[in-house]
Amino acid sequence: MGFREGAGLGKSEQGMSQALLVEKTSKRGGKIIHEKDIQREIAKGLDPTMLKHQSKVIVLRNMVGPGEVDNDLEGETAEECLKYGEVTKVVVYEVADVDEEEAVRIFIEFKRVESAIKALIDLNGRFFGGRVVRASFYNMDRYRREEYLDPVIQ
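Residues numbered from 1 in each chain as written. Predicted model: local features only at pLDDT ≥ 70, side-chain atom pairs only at ≥ 80, totals over all residues. Heavy atoms only, no water.

Some remarks on the overall build of the chain
Along the chain, the regular secondary structure elements total four helices and eight strands. Listing each helix as α and each strand as β along the chain from the N terminus yields β-β-α-β-α-β-β-α-β-β-β-α. For the chain, with 154 residues in total, the buried portion stands at 36%. A separation threshold of at least 6 residues defines the contact pool for the chain, and within that pool the share at least 24 residues apart is 59%. (Helix = DSSP H or I, 4+ residues; strand = E, 2+ residues; numbered from the N terminus. Buried < 20%, exposed > 50% of the residue type's maximum accessible area, 1.4 Å probe, protein only. Contact = heavy atoms within 4.5 Å.)

Let's talk about the side chain of S115
Examined against the element boundaries, S115 turns out to sit in helix α3 (residues 113–123). The class of S115 is buried, set by a relative accessible area of 7%. Not counting the four nearest positions on each side in its chain, S115 is found in contact with Y84, G85, E86 and F110.

So, the pairing of strand β3 (residues 57–61)
Across the five residues of β3, five count as buried, placing the element largely inside the fold. One ladder, built from five bridges, connects β3 with strand β5 (residues 104–110); its direction is antiparallel. Paired with V59 across the two strands is F107, which belongs to β5. As paired elements, β3 and strand β8 (residues 134–138) share five bridges and run antiparallel to each other. Considered in β8, the bridge of R61 is made with R134. (Pairing = 2+ DSSP bridges.)

Considering the packing of aromatic side chains
Under the criterion given, the structure shown has five aromatic pairs. Residues F107 and Y138 carry aromatic rings whose centres are separated by 4.9 Å and whose planes lie at 75 degrees to one another, so their mutual orientation is edge-to-face. With F107 in strand β5 and Y138 in strand β8, the pair connects residues that are 31 residues apart, well separated along the chain. Y138 carries the same exposure label as F107, and that label is buried. On the numbers, 6.2 Å between centres and 40 degrees between planes, the contact of F107 with Y143 is tilted. Pair noted here: F107 is in strand β5 and Y143 is in helix α4 (residues 140–144), with a separation of 36 residues, a long-range link. Given a relative accessible area of 0%, F107 falls into the buried group. The class of Y143 is buried, set by a relative accessible area of 4%. These aromatic residues form a ring-pair network of at least three members: Y93, F107, Y138, Y143 and Y148. (Phe/Tyr/Trp six-rings, centres within 6.5 Å; stacked < 30°, edge-to-face > 60°.)

Take a look at the structure:
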């Protein structure tokens with residue numbers, strides 16, 4: 001009796017087999033994530049550990065390729081992200097001599113962490129121009145120092 005790794009709770013082991021996780025949704029609030037929800041998010045391409053290092057800044061990769069950045073990209077990205085919350089700033093940064101998927105990084109700074117979380121969840125795995133967008137949080141201190149080449153938070 002009792003908990004055994006991988007086995008469900010209950011007499012017939014039909015109950016929960018994993019501990020519940022909590023996703024922070026605000027400064028003082030959160031929501032419980034059930035194991036079935038985790039499996040859905042993983043299938044969608046969202047790793048639950050992505051929410052571990054939250055920040056007001058997210059970085060989008062593989063949205064466009066090298067040489068595909070135009071004058072409208074920054075404004076269009078900011079406008080699209082307004083549905084998640086107030087956008088403070090958008091920075092489009094091209095990186096030389098890296099894989100095509102890493103060549104253009106789009107940094108979006110939100111006024112609130114909650115907005116960044118919503119954007120990350122919605123934008124990660126989304127198709128844009130035949131590409132699969134990868135979103136992750138970015139360290140706020142590095143962003144403010146304009147250190148755009150640093151590794152993204154995984």
